[in-house]
Amino acid sequence: MPDWRQTLHLEPPRGWLNDPNGLCYFGGLYHVFFQYCPTHANGSGPKHWGHYQSPDLLHWTFTGAPLHPDTPQDKSGAYSGCAVPCGDTVRLYYTGNVKHTGPYDYIRTGREANTILVETPDGIHISPKQVLLTSADYPADCSLHVRDPKVWREDGIWKMVLGARSLADAGRVLLYHSDDGLAWRLARVLEPQPAFGYMWECPDCFPLEGRTWLSISPQGLPHGETENQNIYQSGYFELPGGIESGTPGPFTEWDMGFDFYAPQTFEAPDGRRLLIGWMGMPDADYHNPTEALGWQHCLTVPREVTAGTHGLRQRPARELDALADGSPSIIRNGTAALPLPCRLQGVAEGDFSLTLAGGLHLERDTGSGLVSLRFTRDSLGGGRTIRRARVGNAPLRLDILVDRSSLEIYLNDGETVFSTRFYPDEPQVPLVAEGLPLTVQPLRPMEFCGMQKED
Ligand code: FRU
């Protein structure tokens, strides 16, 4: 049986994982919560929050599911949200999802979305729930799809963005203000004209290098050959003028691969902006064979985000550099058996191709200026086909994290990223490299504790 358990990526011991939630650094630890369905690997049960913590982003402890959907206000799911360290505790803001039984469309009828606050001193013990906003409090022209609070403090004001779908099926962000993080007043509805998709999930607004950025996960964008290739997207706008009144610039996708959605960012203690995404895709027409083994999905590694001339760049958090294990080897136009996990690095002057496990091809064609990620073996990709990105013809720098069942491919210092799951049959994955010298650096697995706890 192949071993598809990840060694560099957080995944649930059993059950289903989706969005990263409540990312923060508090009490000397990184806290990574996530959407978690402990009982059903297909995600069909109500969502809880699972919790991992780590002192260094390398040693992780899974502590179970501290937040359960156990009140009338969140009975159908403790949906996504965020964390704000505040004095001796962390405030967690999330959406309590309620679905009534009946002949409802669950867009305009039959649903409630409550903005709920809990506090935790440690990510494990959770205070009683406090409902701050209900569906009746949102603007009257919103549908019942309003969710995923991201809260931060700026110039003494608490601010919150919520993702929403209008009654006219336009994606939007609701911006709220508060003096105490408890009583909220609407400050702005940010909705581009014409509409940009029908729903925006998981908004995140953050400053970086003196500029304001708004990340969203929009649904309903038109698909193209090199853009919006997945069923749903995740990307960002720059907001010159800020969140209060700025107009969004062009939309850039965070990741061009098959498996990336609903990312969230937070500030590391040294000021770096770190991003973690769900390495999965809701409602995709491809699948993950781990579902049959009792678990499904993982998060991306933490990525450092910086602002470049062409928008934002991402690179694996520098902490991961410490996982290098033994000497690297170099492959020049040849084949190798990759030890997993490992990191591949190189520069391609022109066309190149890498073939992993005989059926996953990463290729650059300088004629078209495209890089493509293509599966030619169905069982390797679980039905994944091809994804493309425009990268031009200049020399291309590659930095690839290969885990037991995923690749994160960072091109040109993270100007373009592809994330995908793949399911090789062998513990050492055959690689054929043509057109570039490639350095193969074996990596040590991260350390995971507490994986026997299931909720
Ligand atoms: C995004 C999302 C969020 C929601 C959560 C539910 O993947 O649909 O909008 O809060 O997942 O699990």
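What you see is a predicted model; the values in this text were computed from it and never measured.

Caption draft 1: Spatial organisation of the site of the ligand. Around the ligand, the neighbouring residues are N18, D19, Q35, K47, Y79, S80, R147, D148, E201, Y261 and W278. Take N18: an N or O atom from its side chain is 3.0 Å from an oxygen atom of the ligand. Taking E201, its side chain carries an N or O atom lying 2.9 Å from an oxygen atom of the ligand. A total of 320 Å² of accessible area belongs to the ligand in isolation, and the protein chains cover 91% of it. Of all the elements in the fold, those that place two or more residues in the shell around the ligand are β1 (15–26), β5 (77–86) and β9 (142–154).

Caption draft 2: How the structure looks around the pattern of salt bridges. Using the criterion set out here, one finds 29 salt bridges in the structure. For K129, the salt bridge goes to D74, with nearest N and O atoms at 2.6 Å. Of this pair, K129 sits in the loop between β7 (111–120) and β8 (130–133) while D74 sits in the loop between β4 (59–67) and β5, and the two are 55 residues apart along the sequence. A relative accessible area of 26% places K129 in the partly exposed class. On the accessibility criterion, D74 (0% relative accessible area) is buried. One salt-bridge network, in which partners are shared between bridges, spans D270, R272, E304, R318 and E319.

Caption draft 3: How the structure looks around the sheet that holds β7. Read from one edge to the other, the open sheet built from four strands follows the order β5-β6-β7-β8, with strand pairing classed as antiparallel. A strand with exactly one partner marks an edge of an open sheet, and here the two such strands are β5 and β8. On average, adjacent strands in this sheet sit at an angle of 30° to one another, irrespective of strand direction. Two elements, strand β6 (residues 89–99) and β7, share 10 bridges in a ladder whose sense is antiparallel. For L92, the partnering residue across the bridge sits in β7 and is V118.

Caption draft 4: Molecular detail of unusual backbone geometry. With an omega of -5°, the peptide bond running from Q193 to P194 counts as cis. Along the chain, L340 connects to P341 via a cis peptide bond; the corresponding omega equals 0°. Tracing the chain through its elements places P341 in the loop between β23 (329–339) and β24 (342–348). The phi angle at Y106 is positive, at roughly 60°, despite the residue not being glycine.

Caption draft 5: Region of the structure containing the pairing of β5. The element β5 is extensively covered by neighbouring structure, given that eight of its 10 residues are classed as buried. Hairpin remark: β5 followed by β6, antiparallel, with two residues in the connecting loop; positive phi at G87, about 65°.

Caption draft 6: Broad picture of the packing of aromatic side chains. Enumeration over the complete set of coordinates arrives at 26 aromatic pairs. Each ring, one from F237 and one from F251, has its centre 5.4 Å from the other, and the planes form 55°; the classification is tilted. Placement of F237 in strand β15 (residues 235–238) and of F251 in the loop between α1 (242–245) and β16 (252–253) is noted, with a sequence separation of 14 residues between them. For the pair formed by F237 and F251, the shared burial category is buried. Between the aromatic rings of F258 and Y286, the centroid separation amounts to 5.7 Å while the plane-to-plane angle is 85°, which identifies the pairing as edge-to-face. Residue F258 is located in the loop between β16 and β17 (261–267), and its partner Y286 is located in the loop between β18 (273–279) and β19 (295–296); the two are separated by 28 residues in the primary sequence. What makes Y286 buried here is its relative accessible area of 9%. These aromatic residues form a ring-pair network of at least three members: F34, Y36, Y52, W60, F62 and F448. Note that K99 overlies the ring of Y106, its terminal NZ or CZ placed 4.8 Å from the centroid.

Caption draft 7: Region of interest: the domain arrangement of the protein. Entries for the protein in the domain assignment read domain 1 (15–319) and domain 2 (325–443). The gap between the C-alpha centroids of domain 1 and domain 2 is 29 Å. Facing the 28 residues of domain 1 at the interface are 30 residues of domain 2. Summing the contributions of domain 1 and of domain 2, the shared interface buries around 2,400 Å²; its carbon and sulfur component is 53%. There are four salt bridges connecting domain 1 and domain 2. Across the salt bridge formed by R388 and E225, the nearest N and O atoms sit 3.9 Å from each other. Along the contact surface separating domain 1 from domain 2 lie 18 residue pairs in polar contact (both at pLDDT 80 or more). Top element by residues in the side of domain 1 that touches domain 2 is strand β22 (residues 311–316). It accounts for five residues. The residue makeup of the side of domain 1 that touches domain 2, split by class, is 11 nonpolar, 11 polar and six charged.

Calculation criteria
- Position numbers for residues count from 1 along each chain, tracking the sequence in the order it is written.
- In view of the model being predicted, local features appear only for residues whose pLDDT reaches at least 70, and side-chain atom pairs are presented and counted only at 80 or more, with totals across whole chains, interfaces and linings using the full set of residues.
- In computing side-chain properties, one takes all heavy atoms of the structure into account and sets aside hydrogens as well as water.
- When at least one non-hydrogen atom of a residue lies within 4 Å of a molecule or strand, that residue is treated as near it.
- A 3.5 Å cut-off defines polar contacts: any pair of N or O atoms within that distance qualifies, except that in protein one atom must be a possible hydrogen donor and the other a possible acceptor, and neighbouring residues in sequence count only when both atoms are side-chain atoms.
- Only the protein chains shown count as cover for residues, with accessible areas throughout obtained via the Shrake-Rupley method and a probe of 1.4 Å.
- By definition, any uninterrupted DSSP run of H or I lasting at least four residues is a helix, any uninterrupted run of E lasting at least two residues is a strand, and each is numbered from the N terminus.
- Think of a salt bridge as a Lys or Arg side-chain nitrogen and an Asp or Glu carboxyl oxygen that are within 4 Å of each other.
- Between buried and exposed lies partly exposed: a residue is buried under 20% and exposed over 50% of the maximum accessible area for its type, with that area taken using a 1.4 Å probe on protein chains only.
- Being paired, for any two strands, means DSSP has found at least two bridges between them.
- Axis definition: a line fit to C-alpha positions, over the contact stretch in the case of helices; interaxial angles, taken between N-to-C directions, run 0 to 180 degrees.
- Centres within 6.5 Å make a pair out of two Phe, Tyr or Trp rings, where for Trp the six-membered ring is used; the pair is then stacked when the planes are under 30 degrees apart, edge-to-face when over 60, and tilted otherwise.
- Geometrically, a lysine NZ or arginine CZ counts as sitting over a ring once it is within 6 Å of the ring centre and also within 35 degrees of the ring normal.
- Throughout, the edges of the domains are those of an automatic or database domain assignment.
- Contact between two residues is taken to exist if any of their heavy atoms lie within 4.5 Å; hydrogens are not considered.
- Joining two parts hides part of their accessible area as seen by a 1.4 Å probe, and the buried area is that hidden amount summed over both.
- Throughout this entry, Asp, Glu, Lys and Arg are counted as charged residues, while Ala, Val, Leu, Ile, Met, Phe, Trp, Tyr, Cys and Pro are counted as nonpolar. The remaining residues, Gly among them, count as polar.

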